[in-house]
Amino acid sequence: MSSSEAFDFRIEYIIDTIKDAQPSVVGLQFPEGFKRRAPAIADQIREATGVEVLISANPCYGACDLDVAILDNVDILLHFGHAQLDDNKYSEKVIFIETRSDKDITEVVKKAIPGITGKRIGIMTTVQHIGKLPEVCEILEAEGKECLIGSGDSKIAYPGQVLGCNFSVADGLECDEFLYIGSGQFHPLGVSLATGKRVLIADPFSNEIREVDPRRILKQRSAVIANSLDAETFGILVSTKPGQCRMELARQLKELAKKHGKTAYILTMDLITPDQMLQFKVDAFVSTACPRLAIDEVGRFSAPMLTPPEFEIVLGEREWEELTFDEIRGD
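It should be emphasised that the depicted structure is a prediction, and the values quoted were computed from it without experimental measurement.

### Side note on the sheet that holds strand S11 (residues 263-269)
For step 1, the next point in the chain: One open sheet accounts for four strands, arranged S11-S10-S12-S13; its pairing is parallel. Of all the strands in the sheet, the pair left with one neighbour each is S11 and strand S13 (305-306).
For step 2, the next point in the chain: Along the sheet, helix H8 (residues 247-259) makes contact with strand S10 (233-239), S11 and strand S12 (284-287), crossing S11 at roughly 165 degrees.

Structure below.
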């Protein structure tokens, strides 16, 4: 992530909100890329309002990953960098600061045009750049392109917004290819695998254009599946994080294992790390937590880490050709 100076932390809005609500203690929660800004923001809030400020030092991977523990000690929690999910049962205490980027996207979108081969283009981005989508469409339409922006399901706050665990904005979008505005690889990779369509990345921070190539990740995931085909005992992981807890899915997977004569145990925890899993001697793990866990941490666990769709392939319930990224969908 580029310099955080390109992001709007909405300090004046926060100060006004605190003065109106008059809390005694305010909590701050940041994703990893913004944590370095925490002390300075805490100072600004405290000096302007006089409230006590607590900073969450726990890892934060998305709006699904609220620091529930700190909520017991604060009147308001300011959660930076993400849009609110529809199922946030802590909404009365949590204020989401989306931290929009003011980075200009004009140059990089124009740079992408020669690489766009289709006419009907699906446009998507993260919440940081969501306000720039009308400008993206203006640039492309001036070049004779047609822009399509999907609405997504109930977990998606804005049309065109894609999450690392939810690519529903691409559902049924009758486009020739996609253009993703942003710096990450995982989101557009998920859309590529979910749709089978070409995806270009226009990175406004590096001013680079990249085409998503899913072949390496497909090869990697196929190897994980192959290494699990002889597994007899599985550990099904359930995260207790508010937006990641899929206990019902875990129970369904456990029953599926039983149907195929396999043994499965449901393991619950907050943060899932390779070190925590060392004590559990199973042939393979199945993660129902953040879909990125199995992908980003591949090879680091003591046994292969499968996603639910991959587990179905191992059991013969799904064909290899149906391999896709796991998603946490809304209604």
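### Brief notes about the pairing of strand S1 (residues 25-29)
For step 1, the next point in the chain: Of all the five residues making up S1, five are buried; the element is thus mostly covered by neighbouring parts of the structure.
For step 2, the next point in the chain: Residues Val-25, Gly-27 and Gln-29 point to one face of S1 and Val-26 and Leu-28 to the other, with burial holding for every one of them.
For step 3, the next point in the chain: Alignment of S1 against strand S2 (residues 52-55), held across four bridges, turns out to be parallel. Note that in S2 the partner of Leu-28 across the bridge is Ile-55.
For step 4, the next point in the chain: Traced from S1 through helix H2 (residues 38-49) to S2, the parallel crossover comes out right-handed.
For step 5, the next point in the chain: Note: S1 against strand S3 (residues 76-80), four bridges, orientation parallel. Note on S3: the bridge partner recorded for Leu-28 is Leu-78.

### Some details on the sheet that holds strand S6 (residues 146-148)
Remark on secondary structure: sheet strands pair via backbone hydrogen bonds, oriented parallel or antiparallel.
For step 1, the next point in the chain: Spatially, five strands are ordered S6-S5-S7-S8-S9 in an open sheet, and the strand pairing comes out mixed. Of all strands in the sheet, those bounded by a partner on one side alone are S6 and strand S9 (208-211). Within this sheet the neighbouring strands show an average axis-to-axis angle of 30 degrees, counted without direction.
For step 2, the next point in the chain: Note that strand S5 (residues 120-125) and strand S7 (residues 177-181) share five bridges and pair parallel. Looking at S7, one finds that Gly-122 is bridged to Phe-178.
For step 3, the next point in the chain: With respect to the sheet, helix H5 (residues 133-141) is in contact with S5, S6 and S7, its orientation differing from that of S5 by roughly 155 degrees.

### Concerning unusual backbone geometry
For step 1, the next point in the chain: Positive phi, close to 55 degrees, is recorded for Gln-22, a residue that is not glycine.
For step 2, the next point in the chain: Relative to the helices and strands, Gln-22 is located in the loop between helix H1 (11-21) and S1.
For step 3, the next point in the chain: Within the chain, Thr-99 stands out as a residue other than glycine whose phi angle is a positive 60 degrees.
For step 4, the next point in the chain: Secondary-structure assignment places Thr-99 in the loop between strand S4 (94-97) and helix H4 (106-112).
For step 5, the next point in the chain: For Thr-99, a relative accessible area of 0% puts it in the buried group.

### With respect to the nonpolar core
For step 1, the next point in the chain: Core analysis: the biggest nonpolar cluster contains 35 residues, and Met-124, Phe-178, Val-191, Val-199 and Phe-325 have the highest contact counts within it.
For step 2, the next point in the chain: Of all elements in the fold, only helix H3 (68-71), S4, S7, helix H6 (186-195) and strand S8 (199-203) reach the threshold of two or more residues within this core.
For step 3, the next point in the chain: Other than its neighbours up to four places away in sequence, Phe-178 contacts Ile-121, Gly-122, Met-124, Ala-170, Leu-173, Val-191, Thr-195, Lys-197, Arg-198, Val-199 and Leu-200.

### What about the packing of H1 against H2?
Each pair of packed helices can be described by the angle between their axes along with the distance between the axes.
For step 1, the next point in the chain: Their axes nearest at 10 Å, the elements H1 and H2 cross at an angle of 40 degrees. Accordingly, the angle class assigned to the pair H1 and H2 is oblique. Note that H1 runs across H2; the crossing there is right-handed. Where H1 abuts H2, its residues Ile-11, Ile-14, Ile-15, Ile-18 and Lys-19 lie against Ile-41, Gln-44, Ile-45, Ala-48 and Thr-49.
For step 2, the next point in the chain: Considering only residue class, the contact of H1 with H2 consists of seven nonpolar, two polar and one charged.

### Some words on the packing of aromatic side chains
For step 1, the next point in the chain: Within this structure, the stated rule accounts for nine aromatic pairs.
For step 2, the next point in the chain: Considering the side-chain rings of Phe-186 and Phe-325, the 5.1 Å spacing of their centres and the 25 degrees angle between planes classify their relative orientation as stacked. Residue Phe-186 is found in helix H6, and its partner Phe-325 is found in the segment after helix H11 (308-314); the two are separated by 139 residues along the sequence.
For step 3, the next point in the chain: A relative accessible area of 7% means that Phe-325 is categorised as buried.
For step 4, the next point in the chain: Taking 4.8 Å as the distance between ring centres and 70 degrees as the angle between the ring planes, the aromatic pair formed by Phe-234 and Phe-311 counts as edge-to-face. With Phe-234 in strand S10 and Phe-311 in helix H11, the pair connects residues that are 77 residues apart, well separated along the chain. As far as burial versus exposure is concerned, Phe-234 and Phe-311 are alike and both buried.
For step 5, the next point in the chain: Taken together, Phe-7, Phe-9, Phe-30, Phe-34, Phe-80 and Phe-205 form an aromatic cluster joined through their ring pairs.
For step 6, the next point in the chain: Sitting over the face of the ring of Tyr-13, Arg-10 holds its NZ or CZ atom 4.0 Å from the ring centroid.

### Some words on the pairing of S12
For step 1, the next point in the chain: The alternating pattern of S12 places Ala-284 and Val-286 and Phe-285 and Ser-287 on opposite faces, both of which are buried.
For step 2, the next point in the chain: Bridge count for S10 against S12 is four bridges, and the pairing is parallel. Bridging from a neighbouring strand, Phe-234 pairs with Ala-284 of S12.
For step 3, the next point in the chain: Strand direction decides the pairing type here: S12 and S13, joined by two bridges, are parallel. If you follow Phe-285 over to S13, its bridge partner there is Met-305.

What counts and how
- Residues numbered from 1 in each chain as written.
- Predicted model: local features only at pLDDT ≥ 70, side-chain atom pairs only at ≥ 80, totals over all residues.
- Heavy atoms only, no water.
- Pairing = 2+ DSSP bridges.
- Helix = DSSP H or I, 4+ residues; strand = E, 2+ residues; numbered from the N terminus.
- Contact = heavy atoms within 4.5 Å.
- Axes fitted to C-alpha atoms, helices over the stretch in contact; angles between N-to-C directions.
- Buried < 20%, exposed > 50% of the residue type's maximum accessible area, 1.4 Å probe, protein only.
- Right-handed = clockwise from strand over helix to strand, strands pointing away.
- Core = buried A, V, L, I, M, F, W, Y, C linked by side-chain atoms within 4.5 Å.
- Parallel < 35°, antiparallel > 145°, perpendicular 65-115°, else oblique.
- Left-handed = near helix turned anticlockwise from the far one by under 90°.
- Nonpolar A, V, L, I, M, F, W, Y, C, P; charged D, E, K, R; others polar.
- Phe/Tyr/Trp six-rings, centres within 6.5 Å; stacked < 30°, edge-to-face > 60°.
- Lys NZ or Arg CZ within 6 Å of the ring centre and 35° of its normal.

Any functional reading would require information that these geometric values do not contain.
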